[in-house]
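# Observations on the model geometry
The lines below spell out each chain.
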Amino acid sequence: MKITPLDIQHKVFDAGFRGYDKKQVDQFLEEIAESIEELTRENLVFKEKLSGKEDELSQLRRADSTLTSTLISTQSFVDQLKRGAQRDADLIVKEAELKAEEILAQSRSELVEMRRTISDLRRQRAMVLERLRSTLSSFHRLLEVEDHPEPSFEEDDSADLEVEPASRREAG
């Protein structure tokens with residue numbers, strides 16, 4: 001049973017032969033009633049504050065739940081992004097490695113071709129030099145022959161020269 005301040009104020013005690021002093025009891029009951037009334041008001045204020053705090057706590061728990069859910073979703077998204085970025089990075093590295101291998105293979109092929117070309121050019125140069133030496137040697141022999149003609153060959157040559165103009169005149 002709940003006692004209110006009014007219950008205390010209206011409480012009437014039976015008077016007995018040697019009972020308490022009525023004035024003191026009434027005064028004490030009045031003080032108790034006022035104290036209970038004040039405590040009841042404070043209790044109401046605290047209940048209102050408690051209700052507000054419970055609402056606040058409920059909202060904070062919902063916000064915490066939402067934040068936790070968002071954090072988990074964000075972490076999952078970040079993990080997916082990391083995995084995707086790692087896959088992309090791995091793919092880029094693989095492509096770069098393949099491209100580098102292609103370039104290296106092409107460079108090696110070009111090097112082999114250049115060496116072959118250089119070798120061919122050296123052979124051609126050697127052949128040209130040999131032909132040039134041969135030609136120069138032939139010209140040198142020809143010049144030697146021209147510088148030291150054989151006496152019998154020149155005499156035969158001059159006789160042919162004299163006859164030839166005469167035969168041309170007859171033909172003409």
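Residues numbered from 1 in each chain as written. Predicted model: local features only at pLDDT ≥ 70, side-chain atom pairs only at ≥ 80, totals over all residues. Heavy atoms only, no water.

### Considerations on the overall build of the chain
Looking only at helices and strands, the chain has three helices and zero strands in total. Starting at the N terminus and ending at the C terminus, the chain contains elements arranged as α-α-α. Here the chain has roughly 16400 Å² of accessible surface; of this, 57% comes from carbon and sulfur atoms. (Helix = DSSP H or I, 4+ residues; strand = E, 2+ residues; numbered from the N terminus. Areas by Shrake-Rupley, 256 points an atom, 1.4 Å probe, with all protein chains shown as cover.)

### Notes on the pattern of salt bridges
For the coordinates displayed, the defined rule picks out four salt bridges. Note that Arg116 and Glu113 form a salt bridge whose closest N and O atoms lie 2.7 Å from each other. Here Arg116 and its partner Glu113 are both found in helix α2 (residues 22-147), three residues apart, which amounts to about one turn of the helix. The shortest N-O distance in the salt bridge between Arg123 and Asp120 comes to 2.1 Å. Separated by three residues within a single helix, Arg123 and Asp120 lie in helix α2, roughly one turn from each other. Residue classification places Arg123 among the partly exposed positions, given a relative accessible area of 48%. (Salt bridge = Lys/Arg side-chain N within 4 Å of Asp/Glu carboxyl O. Buried < 20%, exposed > 50% of the residue type's maximum accessible area, 1.4 Å probe, protein only.)

### Regarding a nonpolar patch on the surface
A cluster of nonpolar side chains, Leu132, Leu136, Phe139 and Leu142, forms an exposed patch at the surface whose accessible area comes to about 400 Å². Along the chain, Phe139 turns up in helix α2. (Patch = residues over 30% accessible without salt bridge, like charges linked within 9 Å, V, L, I, M, F, W, Y side chains within 5 Å.)

### Re α2
Taking 1.5 Å as the rise per residue, α2 with 126 residues should run 188 Å; its terminal C-alpha atoms sit 176 Å apart, in good agreement. If you follow the buried residues of α2, they end up packed against α1 (5-10). (Expected span 1.5 Å × (residues − 1). Contact = heavy atoms within 4.5 Å.)

### Digging into a negative patch on the surface
Together, Asp21, Asp26, Glu30, Glu31, Glu34, Glu38 and Glu42 make up a negatively charged patch on the protein surface. Structurally, Glu34 can be placed in helix α2. (Lys, Arg positive; Asp, Glu negative; His and termini not counted. Charge placed at Lys NZ, Arg CZ, Asp CG, Glu CD.)

### Comments concerning the confidence of the model for the chain
Predicted coordinates in areas of low pLDDT are best not read in detail. This prediction gives the chain a mean pLDDT of 85; 85% of its residues lie at or above 70. Taken element by element, the predicted model of the chain shows its lowest mean pLDDT in helix α3 (residues 151-171) (51) and its highest in α2 (93). Every residue in residues 166-172 scores below 50 in pLDDT, and together they form zero contacts with partners more than four places removed in sequence or on other chains. (pLDDT = per-residue confidence, 0-100.)

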